[in-house]
Amino acid sequence: MAVFGGLLAVSALAGCGGSDGGAEGGGGDDGQIVLGFSQVGAESGWRTANTESIKASAAAAGIKLQFSDAQGKQENQISDIRGFITQKVDVIAFSPVVTSGWDAVLKEAKDAGIPVILTDRAVDSQDTSLYQSFIGSDFKVEGTKAGEWLVKEYEGKTGDVNIVELQGTTGSAPAIDRQTGFADAIKANPNLKIVKSQTGDFKRADGKTVMETFLQSVPKIDVLYAHNDDMGLGAIEAIKAAGKKPGQDIKIITVDAVKDGMTALAAGEINFIVECSPLLGDQLMETVKAVKDGKPVEKRILTKEGTFTQEEAKAALPTRKY
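The rules behind the values
Residues numbered from 1 in each chain as written. Predicted model: local features only at pLDDT ≥ 70, side-chain atom pairs only at ≥ 80, totals over all residues. Heavy atoms only, no water. Axes fitted to C-alpha atoms, helices over the stretch in contact; angles between N-to-C directions. Helix = DSSP H or I, 4+ residues; strand = E, 2+ residues; numbered from the N terminus. Parallel < 35°, antiparallel > 145°, perpendicular 65-115°, else oblique. Left-handed = near helix turned anticlockwise from the far one by under 90°. Contact = heavy atoms within 4.5 Å. pLDDT = per-residue confidence, 0-100. Buried < 20%, exposed > 50% of the residue type's maximum accessible area, 1.4 Å probe, protein only. Polar contact = N/O pair within 3.5 Å; in protein donor to acceptor, adjacent residues only side chain to side chain. Core = buried A, V, L, I, M, F, W, Y, C linked by side-chain atoms within 4.5 Å. 1 Å grid on protein atoms, 1.4 Å probe; cavity = no way out; pocket = protein on both sides within 12 Å on 5 of 7 lines; lining within 4 Å. Points joined across faces, edges and corners; volume = space filled by probe spheres on them. Nonpolar A, V, L, I, M, F, W, Y, C, P; charged D, E, K, R; others polar. Salt bridge = Lys/Arg side-chain N within 4 Å of Asp/Glu carboxyl O. Phe/Tyr/Trp six-rings, centres within 6.5 Å; stacked < 30°, edge-to-face > 60°. Lys NZ or Arg CZ within 6 Å of the ring centre and 35° of its normal.

## Re the packing of helix H7 (residues 229-241) against helix H8 (residues 259-266)
- Where H7 contacts H8, the axes come no closer than 9 Å and their chain directions differ by 50°. Taken as axis vectors, H7 and H8 run oblique relative to one another. For the element pair H7 and H8, the recorded crossing hand is left-handed. Where H7 abuts H8, its residues Asp229, Leu233 and Ile236 lie against Asp260, Gly261 and Ala264.

## Notes on the confidence of the model for the protein
- Confidence in the prediction of the protein, expressed as mean pLDDT, is 91, and 91% of residues score 70 or more.
- Low pLDDT (under 50) marks residues 1-27, which in the prediction has 82 contacts with non-local residues, meaning those over four places away or in another chain.

## What to know about the side chain of Arg178
- Following the sequence through the fold, Arg178 ends up in helix H5 (residues 173-186).
- You can call Arg178 buried: its relative accessible area is 3%.
- One polar contact links the side chain of Arg178 to the main-chain carbonyl oxygen of His227, over a distance of 2.7 Å.
- In this view, Arg178 contacts Phe139, Glu142, Gly143, Phe202, Tyr225, His227, Val255, Asp256 and Cys276; residues no more than four positions away in its chain are not counted.

## Thoughts on the nonpolar core
- Residues Leu166, Met211, Ile221, Leu224, Ile250 and Met262 are the most contacted members of the largest nonpolar core, which totals 30 residues.
- For this core, the secondary structure elements donating two or more residues are strand E9 (161-167), helix H6 (204-217), strand E11 (223-226), H7, H8 and helix H10 (310-316).
- Every residue in contact with Leu166, bar those within four places of it in the chain, is listed here: Gln198, Gly207, Val210, Phe214, Leu224, Tyr225, Ala226, His227, Met231 and Ala235.
- By size, the runner-up hydrophobic cluster in this structure holds 23 residues, among which are Val151, Tyr225, Val255 and Phe272.

## Re empty space enclosed by the protein
- A volume near 100 Å³ is recorded for the largest cavity.
- Together, 13 residues line the largest cavity, and Trp46, Arg47, Arg178, Phe202 and Asp256 are the ones closest to its centre.
- Looking at the lining of the largest cavity, the elements with two or more residues in it are helix H1 (45-61) and H5.
- Partitioning the lining of the largest cavity into residue classes produces 5 nonpolar, 2 polar and 6 charged.

## A word on the pattern of salt bridges
- All told, the structure shown has 17 salt bridges when counted by the stated rule.
- Where Asp201 meets Lys203, a salt bridge forms, and the shortest distance between an N and an O atom there is 3.3 Å.
- In this structure, the salt-bridge partner of Asp222 is Lys220, at a minimum N-O distance of 2.6 Å.
- Judged by relative accessible area, Asp222 falls into the buried class, the value being 16%.
- On the basis of relative accessible area, Lys220 is assigned to the partly exposed category, the value being 40%.
- What you see here is one network of salt bridges that share partners, running through Glu43, Arg47, Asp120 and Arg121.

## Section: the packing of aromatic side chains
- A full pass over the atoms with the stated rule returns 4 aromatic pairs.
- Seen in terms of ring centroids, Phe37 and Phe67 are 5.9 Å apart; in terms of plane orientation they differ by 20°. Their pairing is stacked. With Phe37 in strand E4 (residues 34-39) and Phe67 in strand E5 (residues 64-69), this residue pair connects regions lying 30 residues apart in the sequence. As far as the burial class goes, Phe37 and Phe67 line up, both buried.
- Ring plane angle 55° and centroid distance 5.0 Å describe the contact between Phe94 and Trp102, whose orientation is recorded as tilted.
- Geometry around Tyr154 places Lys157 over its ring, the cationic atom sitting 5.3 Å from the centre.
- We note Lys299 situated over the ring of Tyr131; from NZ or CZ to the ring centre the distance is 4.8 Å.

## Details of unusual backbone geometry
- We note that Gln71 has phi near 55°; this positive angle belongs to a residue other than glycine.
- Relative to the elements of secondary structure, Gln71 occurs in the loop between E5 and helix H2 (74-87).
- Judged by relative accessible area, which is 53%, Gln71 ranks as exposed.
- The backbone phi angle of Asp201 is positive, close to 60°, even though this residue is not glycine.
- With respect to the helices, strands and loops of the structure, Asp201 is situated in the loop between strand E10 (192-199) and H6.
- Accessibility expressed as a relative area gives 24% for Asp201, which makes it partly exposed.

## Topic: the environment of Ile81
- Tracing the chain through its elements places Ile81 in helix H2.
- The class of Ile81 is buried, set by a relative accessible area of 0%.
- The spatial distance from the C-alpha of Ile81 to the C-alpha of Glu108 is 9.3 Å, given a sequence separation of 27 residues.
- If we ignore the near neighbours within four places in the chain, the residues touching Ile81 are Ile92, Phe94, Trp102 and Val105.

Okay, here's the thing in structure tokens:
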């Protein structure tokens, strides 16, 4: 598991509407740390597991959690952060909806003396002093792993391979990096061609809708690359409705490895999944304690993650936590 700053060892990799689980004020006289956390939303099974991990880990660590759901909107998230500043919480953490547009509110937090931790997604601010650390996956590496599997799958075969891509939320770090990593990796085989690429906003329903349009507009689809399991699962519904067999007529690669995705992988309907663990709660709480105490933490804390084939999914499913 992750160890950072030569200092902190943690035990894990590492909701909806309004506010949840805290008192009105900031750091109380009882000495309990108050953490303000703004979540992206509840757009997927991954995000739900991420929220549950954060809430459970805060409770276990004795940290008072002020939780807000931004419902996928940056303006809500900026409002959440300003609310946390007003409440004088001890630490602010958030998973940014998109990468850009955070400098002003992060400077407000810095000026108020409240440290900020990024979780799961990065920001593109040039001033890295505006946040203490970023905890999460390397999304570009995830895309690279997906592309490398596909290159190996078609090694030695001739003929064009038509790929359609279901992208995550436009402008979000995982969507940008998973697209880039995958595109760079498949350059190794010029026969692998991305013929259509469109956002499904990380949502199952949107994955189904966009896949339906792909099936209608692209005469021959060999491979689907979905930026998360939920969009891939939605696409599977569309593929079945079109009379095709997912995993056979169209090979499917997804990212996340949530239980529903792993179940589809074990059943042969998905061919390969790159893991992106949502269980960031323990890592976040350790980091919150460290920054509150003024201890040094690494600027970039990576989660350790793997990949799964169909047989590996069958073996992993019985003990899967999410």
